[in-house]
Protein chains: 2
Amino acid sequence: MSTQEFKQAPHKLLVIPGPIEVTDEVLYANAHPSVSHVSAEFVPVFGDSVRMTRDVVFSKTAQPFLISGSGTLGWDQISANLVEPGENALVLNTGYFGDSFSDCLRTYGANVDEIKADFGATVDVAEVEKALQSKKYKIVTVTHVDTSTAVLSDPRPIIAAVRKVSPETLVVLDGVCSVASEEIRMDEWGLDVIMTASQKGLGAPPGLSIVLVSERAIKVFETRKGPVSAYYASWKRWLPIMKAYESGSAAYFATPPVNLIYAYHQSLLQLTKANLSLEERFKLHAEASGRVKAAAAELGLKQVPVDPSAAANGMTALYCPAGVKSSQIASLFMKRGVVIAGGLGSQKDTYFRIGHLGITAVEKSRGDVDRIIQVLKEVVAEATGKSA
Amino acid sequence: MSTQEFKQAPHKLLVIPGPIEVTDEVLYANAHPSVSHVSAEFVPVFGDSVRMTRDVVFSKTAQPFLISGSGTLGWDQISANLVEPGENALVLNTGYFGDSFSDCLRTYGANVDEIKADFGATVDVAEVEKALQSKKYKIVTVTHVDTSTAVLSDPRPIIAAVRKVSPETLVVLDGVCSVASEEIRMDEWGLDVIMTASQKGLGAPPGLSIVLVSERAIKVFETRKGPVSAYYASWKRWLPIMKAYESGSAAYFATPPVNLIYAYHQSLLQLTKANLSLEERFKLHAEASGRVKAAAAELGLKQVPVDPSAAANGMTALYCPAGVKSSQIASLFMKRGVVIAGGLGSQKDTYFRIGHLGITAVEKSRGDVDRIIQVLKEVVAEATGKSA
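Worth saying up front: this structure is predicted, and the values here are computed from it rather than measured. (Residues numbered from 1 in each chain as written. Chains lettered and ligands numbered in written order. Predicted model: local features only at pLDDT ≥ 70, side-chain atom pairs only at ≥ 80, totals over all residues. Heavy atoms only, no water.)

1. Re the nonpolar core
Inference 1: Core analysis: the biggest nonpolar cluster contains 222 residues, and A:F65 and B:F65 have the highest contact counts within it.
Inference 2: If near-sequence neighbours (up to four positions away) are discounted, B:F65 is found in contact with B:Q77, B:S209, B:I210, B:V211, B:V213, B:I218, B:W235, B:W238, B:L239 and B:M242. (Core = buried A, V, L, I, M, F, W, Y, C linked by side-chain atoms within 4.5 Å. Buried < 20%, exposed > 50% of the residue type's maximum accessible area, 1.4 Å probe, protein only. Contact = heavy atoms within 4.5 Å.)

2. Considerations on the side chain of A:Q77
Residues and elements named next belong to chain A.
Inference 1: Structurally, Q77 can be placed in helix α3 (residues 73-82).
Inference 2: A polar contact is formed between the side chain of Q77 and the side chain of S209, at a distance of 3.0 Å.
Inference 3: The residues contacting Q77, other than those within four sequence positions of it, are F65, I67, L82, S209, V211, A233 and W235. (Helix = DSSP H or I, 4+ residues; strand = E, 2+ residues; numbered from the N terminus. Polar contact = N/O pair within 3.5 Å; in protein donor to acceptor, adjacent residues only side chain to side chain.)

3. Overview of the domain arrangement of chain A
All names here are of chain A.
Inference 1: Entries for chain A in the domain assignment read domain 1 (24-272) and domain 2 (278-384).
Inference 2: Placing the centre of domain 1 and that of domain 2 at their C-alpha centroids yields a distance of 27 Å.
Inference 3: Counting residues at the interface gives 27 residues for domain 1, matched by 24 residues for domain 2.
Inference 4: Carbon and sulfur atoms make up 66% of the surface buried where domain 1 meets domain 2, a total of about 2000 Å² over both sides.
Inference 5: Among the residues domain 1 hides against domain 2, the three largest losses belong to F119, A150 and S181. Together they make up 27% of the total.
Inference 6: In this structure, E279 engages R185 in a salt bridge whose closest nitrogen and oxygen atoms are separated by 2.9 Å. (Domains from an automatic or database assignment. Buried area = accessible area lost by both parts, 1.4 Å probe. Salt bridge = Lys/Arg side-chain N within 4 Å of Asp/Glu carboxyl O.)

4. Topic: the pairing of strand β3 (residues 88-93) of chain B
All names here are of chain B.
Inference 1: Of all six residues in β3, six are buried, a share of seventy percent or more.
Inference 2: Alternating positions in β3 separate into two faces, N88, L90 and L92 on one and A89, V91 and N93 on the other, with burial throughout.
Inference 3: Here β3 pairs with strand β4 (residues 111-116) via six bridges, running parallel. Note that in β4 the partner of N93 across the bridge is K116.
Inference 4: For the segment spanning β3, helix α4 (residues 96-107) and β4, crossover handedness is right-handed.
Inference 5: Across four bridges, β3 lies against strand β5 (residues 139-143) in parallel orientation. Among the inter-strand pairings, L92 is bridged to a residue of β5, identified as V142. (Pairing = 2+ DSSP bridges. Right-handed = clockwise from strand over helix to strand, strands pointing away.)

5. Here we look at the relation of the copies chain B and chain A
Inference 1: Relative to chain A, chain B is turned by 180° and slid 0.0 Å along the rotation axis, the superposed coordinates differing by an RMSD of 0.0 Å. Classification of the inter-copy transformation places it as that of a two-fold axis. Taking C-alpha positions as the reference, the residue of chain B nearest the rotation axis is B:G69, at 2.2 Å.
Inference 2: Looking at the interface residues of chain B, 100% of them are also at the interface in chain A, so both copies use one shared face. (Least-squares fit on C-alpha atoms with pLDDT ≥ 70 in both.)

6. Focus: the sheet that holds strand β13 (residues 341-342) of chain B
Inference 1: Spatially, the three strands line up as an open sheet ordered β11-β14-β13 (chain B), and their pairing is antiparallel. In this open sheet, the two strands that pair with only one neighbour each are β11 (315-319) and β13 of chain B.

7. Here's the deal with the interface of chain B and chain A
Inference 1: Each partner contributes to the interface: chain B provides 59 residues, whereas chain A provides 59 residues.
Inference 2: Roughly 4400 Å² of surface becomes buried between chain B and chain A when both sides are summed, with 60% attributable to carbon and sulfur atoms.
Inference 3: Across the contact surface, chain B and chain A share four salt bridges.
Inference 4: When the shortest N-O distance is used, the salt bridge between B:R237 and A:D103 registers 3.7 Å.
Inference 5: Run the count over chain B and chain A and you get 19 residue pairs in polar contact (both at pLDDT 80 or more).
Inference 6: Contributing elements (two or more residues each) for the side of chain B that touches chain A: α1 (24-30), α3 (73-82), α4 and α10 (258-272) of chain B.
Inference 7: Sort the elements by how many residues they give to the side of chain B that touches chain A and α4(B) lands first, with six residues.

Written out as structure tokens, the structure is:
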């Protein structure tokens, strides 16, 4: 059968902050017949995926790594390849995923300092400057959007502080919940590493760890003093593979997730080669986000991010009405065929999260945002005993 | 649309030793609409996949780990969780994948000794006994079928030697190219670890690292002296997740490859719940293998495995006719719509590999084995300038 004939099965509307709703074309690509990972047929699909990954963050020079794994594997890649045991890392922590990045760095022997923002807040740049003056850090990490809180941290003032105080320090962006839904200009901004995953703004099923590394960071990697402290996550193994596929020939270290690469390739085509520019896509994400956040405010729901200008455009995190638990809110959404997420971490019962990423934000004709808002109104009414 | 309506697109017959041809039902499951990884809908799918993974190796008690990644990630799991830095590992090396396992173990700090078989041969058990007497090994690793050579190593005499000489040593089976195509009785034989991947005998797309760990090995893991030396590959992180899903509740460490778990689940249903028993499936693999190997012998082609009783049932590795390179053989197959693999490693030009795994071996009505044999005859005739 052909891609035109394929239609995904009817299902509940999935609006958690990843995995997200994906197109029929992406799912059909994921159902591609089995193909050899080293075949002439597959090589350009992988090579183009590498190239288009660069396009999504407006980079001309970064080295993408597309490796079978969860987004989490990106932390291992960064920790094992860029930070040597005993070196210092500074983690700007705006939620659950900052905690985890620190854990991962420590596992591979880094000395980690954290600047921890209050729940829902961003980190103070003056504090970052102070920390950078106090000791030499190999990397500073910023979670662009912490999926646990929807807090959006602008990496640009952080990069400026690093350039001023400690220009050799590499700036790493955890973009798992921001790539393709928030504007990121890797080269122009001077980011050294961006890590992300396939199942959020990039609009493919989960199972692909995606990391982009600047030329400068590749040089730091290539001039390590000691060996890389992981095997599967080692760029020493993967760098020749990525270069081979991009230049049009196959190479083998570990079998890539062939079907998922077809799906990711299809999604990248829709992201980067469609009529809609990336800039327009960001605008549509901001618009969808604005509508959900305005509707929530009208219902008297408070956002988790304390500063409205530091809230994600791809998701919304809202405190529950007084006396209501997030699990109740999620159940009431589910009753209406809409899947949202509860909270994450120690305050998980007190707030809930709605994703508006990818086609949910961009393809208005689907009516996903209208439906989210309508159901949100009904759910709040039912939960608080008022009529909608 | 429904699974009955879905048909995979026409394509070349893929008979490399993985990825393999998979059923329409498996591909349709891989095109499942997006689902939350923590939803009530997904939890039993993951939980049943864990349980059925155990069934495939006739285990009642092993702990399966299903983690997004290539098969290679299994080496990291074993190296980082079971062997502490400075401990000894003994690798029984029957090809390319033995070399790689050693590299991985060394990366995580193990002292590795290898017993290296000649190309195409298996390791001598007397040598293994001698090595086990010489020092204390934490693990011994056996590559059940080395995908590079098709050499089949029976783990039973190795396990017997270990039990006699060094009963505390854990026996690890690299079953990437053997699980579901060769008989493995994990509990009865006393294997401590089996690692494999989704895209070979298990009949799903690539992207899932599958490891089974005996109760005894879990105890060794749980009584480690030092911390686990990897983050993403850490069983400390994954053990509670696997237990949660199996017991019917969701838990989060990293987003599982939801679509691929649906596909793997579908394949496991076909493997373990179909009319055909696993024993019958092994017999059909042996039969398909016997037919391919007999046809090759009739054509005067020599197998890479030197001992016919130590050759895989899921694949065949054959030396090229004199003066012919494996790339030529592969091209001649390709011209006829059949995809096979060249060699791997330093002798890669001199031999080629044919996979006969999963539905290719088991579903006789597909006629895959007939086609392999017919095309092999034509290819050898064309390559050697004789008429078929």
